Amino acid sequence: GQNIDQPTEMTATEGAIVQINCTYQTSGFNGLFWYQQHAGEAPTFLSYNVLDGLEEKGRFSSFLSRSKGYSYLLLKELQMKDSASYLCAGGLNTGFQKLVFGTGTRLLVSP
Amino acid sequence: DSGVTQTPKHLITATGQRVTLRCSPRSGDLSVYWYQQSLDQGLQFLIQYYNGEERAKGNILERFSAQQFPDLHSELNLSSLELGDSALYFCASSAGTANEQYFGPGTRLTVT
């Protein structure tokens, strides 16, 4: 099957660090994507991991362990504008890239 | 702004009706994807086109169909609409078939 699990909701304080976990039980995923989605808006691409390890991009970092079916998104120096849903998605490359999304983690950043 | 455009932004229609949603991909992108996002649901992949040809199908109902035209814009047709079809419909595009996808602003469909 193609299941992606992530926590429904998390809260954190402005300036803090938060880690959003994503686990998956599947075969066929050739990489993990993270997207940010503000309420009622389009998802925006944050990161893509195809190899194991940590990818750092400014305040955001993403980690992948393919053997454990595990990924996380790390957000540092949280800002109020980071309050959004964070979507983990597995990329299925059956010759064509199809994304399977988790239901998303709603992050609320408080002052 | 992702460069992907979708029209209309909002659509309100009655059960049993038919609507067409339109998407223009980013300049140069050949792949177009359609997703449905219902309230409190994750993004559900519906269908993908690459350079005019259907390439992958997801959880798309038989009442729904799509096509991609020679100028690469795409349309999603939804017919015999039901209340449960009320959702945000997103279009995304990518350069090829193994690249990150960029999403349009979505069309919010309300079926009454």
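Counting starts from 1 at the beginning of each chain's written sequence and moves along it residue by residue. Chain A is the first chain written and ligand 1 is the first ligand written, with later ones labelled in order. Under the rules for a predicted model, residues below a pLDDT of 70 receive no local features and side-chain atom pairs below 80 are neither given nor counted, while totals for whole chains, interfaces and linings still include all residues. Hydrogens and waters are ignored; side-chain quantities use all the structure's heavy atoms.

### Thoughts on the pairing of strand β8 (residues 70–75) of chain A
Residues and elements named next belong to chain A. Within β8, five of the six residues are buried, leaving the element largely enclosed by the surrounding structure. Pairing between two strands is assigned when DSSP locates at least 2 bridges connecting them. Each helix corresponds to a stretch of at least 4 residues labelled H or I by DSSP, and each strand to a stretch of at least 2 residues labelled E; elements are numbered beginning at the N terminus. In terms of strand pairing, strand β3 (residues 18–25) meets β8 through six bridges, oriented antiparallel. Across the sheet, residue V18 finds its bridge partner in β8, namely L75. Pairing between strand β7 (residues 60–65) and β8: six bridges, direction antiparallel. Note on exposure labels: buried denotes an accessible area under 20% of the residue type's maximum, exposed denotes more than 50%, and partly exposed covers the range between, all computed with a 1.4 Å probe on protein chains only.

### Concerning the interface of chain A and chain B
Across the contact, 19 residues belong to chain A and 22 residues belong to chain B. For any pair of parts, buried area is found by adding up, for both, the accessible area (1.4 Å probe) each one loses once the two are put together. Both sides of the chain A and chain B interface together cover about 1,600 Å² of buried area, and 60% of this is carbon and sulfur. Any carboxyl oxygen of Asp or Glu that lies within 4 Å of a side-chain nitrogen of Lys or Arg is treated as forming a salt bridge with it. Inspection of the region where chain A meets chain B yields zero salt bridges. Two N or O atoms form a polar contact when they lie within 3.5 Å of each other; inside protein one atom must be a possible hydrogen donor and the other a possible acceptor, and for residues adjacent in sequence the pair counts only when both atoms belong to side chains. Linking chain A to chain B there are two residue pairs in polar contact (both at pLDDT 80 or more). For the side of chain A that touches chain B, the element with the highest residue contribution is strand β10 (residues 97–101) of chain A, accounting for four residues. Side-chain classes are defined by residue name, with Ala, Val, Leu, Ile, Met, Phe, Trp, Tyr, Cys and Pro counting as nonpolar, Asp, Glu, Lys and Arg as charged, and the others, Gly among them, as polar. Of the residues belonging to the side of chain A that touches chain B, the class tally is nine nonpolar, seven polar and three charged. Note on contacts: a residue pair qualifies if any of its non-hydrogen atoms lie within 4.5 Å across the two residues.

### A look at the packing of aromatic side chains
Two rings from Phe, Tyr or Trp (for Trp, the six-membered ring) form a pair when their centres sit within 6.5 Å of each other. Planes less than 30 degrees apart are called stacked, planes more than 60 degrees apart edge-to-face, and all others tilted. Counted under the stated rule, the structure contains 17 aromatic pairs over all chains. Note on A:F101 and B:F103: the rings are 6.2 Å apart at their centroids and 75° apart in plane angle, and the pair reads as edge-to-face. In this pair, A:F101 is assigned in strand β10 and B:F103 in strand β10 (residues 102–103), connecting two distinct chains. The exposure class of B:F103 is buried, given its relative accessible area of 3%. Each residue in the set A:F33, A:Y35, A:F45, A:Y48, A:F101, B:Y35, B:F45, B:F90, B:Y102 and B:F103 is aromatic and connected to the rest through ring pairs, giving one cluster. In this structure, B:R26 packs its charged tip against the face of B:Y102, placed 4.0 Å from the ring centre. Throughout this description, the term charge over a ring refers to an Arg CZ or Lys NZ atom that lies within 6 Å of the ring centre and within 35 degrees of the ring normal.

### Comments concerning the environment of B:S24
Residues and elements named next belong to chain B. Looking at the element boundaries, S24 is found in strand β3 (residues 19–24). Judged by its relative accessible area of 21%, S24 is partly exposed. Dropping the residues within four chain positions of it, S24 is found in contact with G3, V4, T5 and H73.

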